[in-house]
Amino acid sequence: MTNLYLGDIAVRYQRFSDALPFLVVAQQAQPNMPQVHVLLGQCYQNQKELQKAKDEFLAAINADPGAAQPHYLLARVYRELHDTQASAGELSEFERLSKTEKEKSAPHPPQN
């Protein structure tokens, strides 16, 4: 978990090459943790390794299909790969999941 936290901090400060070794270790320890894949994808995308970024975002979606963020990030990768149809599909899924998340977190009025 320490490697995940250090990698997360490095990504937040846009120090992607510093984050990568921590995240690779974190992925080996927690291969099914969606956040590790998201962070690795962000590193790869920043380094213009778009296929690796795509693979990581797809792994994050596979690990947590209900999460909106990886769909948004994957849409950006598809846009960089000039696949506008796939990008639009991922953006649509991002919007749908974001709406669902907002509805779940919104306070419900009391029923009479």
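The text that follows walks through the structure, step by step, so that each part is easy to find. Keep in mind that this is a model prediction, so the values were computed, not measured.

### Observations regarding the pattern of salt bridges
Then, in step 1: The final tally for this structure, using the stated rule, is five salt bridges.
Then, in step 2: A salt bridge links Glu-80 to Lys-48; the shortest N-O distance between them is 3.3 Å. Of this pair, Glu-80 sits in helix α5 (residues 69-80) while Lys-48 sits in the loop between α3 (34-46) and α4 (50-63); the two residues are 32 residues apart in sequence, bridging distant segments of the chain.
Then, in step 3: Look at Lys-48 and you get exposed, because its relative accessible area is 58%.
Then, in step 4: Close ionic contact of Glu-49 with Lys-52 constitutes a salt bridge, the shortest N to O distance being 3.1 Å.

### Examining the side chain of Ser-87
Then, in step 1: Mapped onto the fold, Ser-87 is located in helix α6 (residues 84-105).
Then, in step 2: Look at Ser-87 and you get buried, because its relative accessible area is 6%.

Here is what the cut-offs are and how they apply
- The written sequence of each chain sets the order in which its residues are numbered from 1.
- Where totals are concerned, whole chains, interfaces and linings use all residues; where local detail is concerned, this predicted model gives features only for residues with pLDDT of at least 70, and gives and counts side-chain atom pairs only at 80 or more.
- Excluding hydrogens and water, the side-chain values take into account all heavy atoms of the structure.
- Think of a salt bridge as a Lys or Arg side-chain nitrogen and an Asp or Glu carboxyl oxygen that are within 4 Å of each other.
- Only DSSP runs of H or I with at least four residues qualify as helices, and only runs of E with at least two residues qualify as strands; both kinds are numbered from the N terminus onward.
- We call a residue buried when its accessible area falls under 20% of the maximum for its residue type, exposed when it is over 50%, and partly exposed in between, using a 1.4 Å probe and counting protein chains only.

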